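In case you want the letters, here they are:
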Amino acid sequence: MKRYSARSDENQPAIVAALRKAGAFVRVCSDVGRGFPDLFVAHQGRALLIEIKNPAKPIADQRLKPDQVEFHAQCAMHGVTVHVVYSPDGALAVLGL
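Source: prediction; values computed, not measured.

Conventions adopted
- Residues numbered from 1 in each chain as written.
- Predicted model: local features only at pLDDT ≥ 70, side-chain atom pairs only at ≥ 80, totals over all residues.
- Heavy atoms only, no water.
- Helix = DSSP H or I, 4+ residues; strand = E, 2+ residues; numbered from the N terminus.
- Buried < 20%, exposed > 50% of the residue type's maximum accessible area, 1.4 Å probe, protein only.
- Contact = heavy atoms within 4.5 Å.
- Phe/Tyr/Trp six-rings, centres within 6.5 Å; stacked < 30°, edge-to-face > 60°.
- Pairing = 2+ DSSP bridges.
- Axes fitted to C-alpha atoms, helices over the stretch in contact; angles between N-to-C directions.

*Asks:* What is the right way to look at the environment of Val41 in this model?
*Replies:* Positionally, Val41 belongs in strand S2 (residues 39–43). With relative accessibility at 0%, the residue Val41 sits in the buried group. Along the primary structure Val41 and His72 are separated by 31 residues, whereas in three dimensions their C-alpha atoms are 16 Å apart. The residues touching Val41, leaving out its near neighbours within four places in the chain, are Leu19, Ala24, Phe25, Val26, Arg46, Ala47, Leu48, Ile50 and Leu95.

Shown next, in the form of structure tokens:
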């Protein structure tokens, strides 16, 4: 698998802050690579994986990278959803808030 440079979207700090303010435990995983999502989130007995995309970027840059597509597919085969969010409101919606 190709390794893309570890980087975070500009909207990541606001999303992380919103999740933490809502009482979630958030671990930033942007540097893990190999398609692993940007965030691991634990909230009210649930573990969630969240991929952050920045809607301010061109559409081509918002698409999942090949490693991400593969990771999401492997998770789905085991009943796990990787949530893709674009904003703090989108992240809170994943929590059901």
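*Asks:* I would appreciate a short explanation of the packing of aromatic side chains in the present structure.
*Replies:* Centre-to-centre distance and the angle between the planes together describe a pair of aromatic rings. Under the definition given, this model contains 2 aromatic pairs. Judged by centre distance (6.5 Å) and plane angle (70°), the ring pair of Phe25 and Phe40 falls under edge-to-face. With Phe25 in strand S1 (residues 25–28) and Phe40 in strand S2, the pair connects residues that are 15 residues apart, well separated along the chain. Classification of Phe25 by relative accessible area gives partly exposed; the value is 42%. Assessed through its relative accessible area of 30%, Phe40 is described here as partly exposed. Consider the rings of Phe36 and Phe71, whose centres lie 5.2 Å apart with planes at 70°: the pair is edge-to-face. With Phe36 in the loop between S1 and S2 and Phe71 in helix H3 (residues 66–77), this pair connects stretches of sequence that are 35 residues apart. The class of Phe36 is partly exposed, set by a relative accessible area of 25%.

*Asks:* In this structure, what is going on with the sheet that holds S1? I would like to understand it.
*Replies:* The pairing of strands in a sheet comes from backbone hydrogen bonds and takes either a parallel or an antiparallel form. With mixed pairing, 4 strands are arranged side by side in an open sheet as S1-S2-S3-S4. The outermost strands of the open sheet, each flanked by one partner alone, are S1 and strand S4 (82–85). When the angles between neighbouring strand axes are averaged without regard to direction, this sheet yields 30°. Direction of pairing for S2 relative to strand S3 (residues 46–52): antiparallel, over a ladder of 5 bridges. Directly across from His43, in S3, lies its bridge partner Arg46. Each of S1, S2, S3 and S4 is contacted by helix H1 (residues 12–21), which is oriented at about 155° to S1, the strand it contacts most. Across the face of the sheet, helix H4 (residues 88–95) comes into contact with S2, S3 and S4 while running at roughly 155° to S3.

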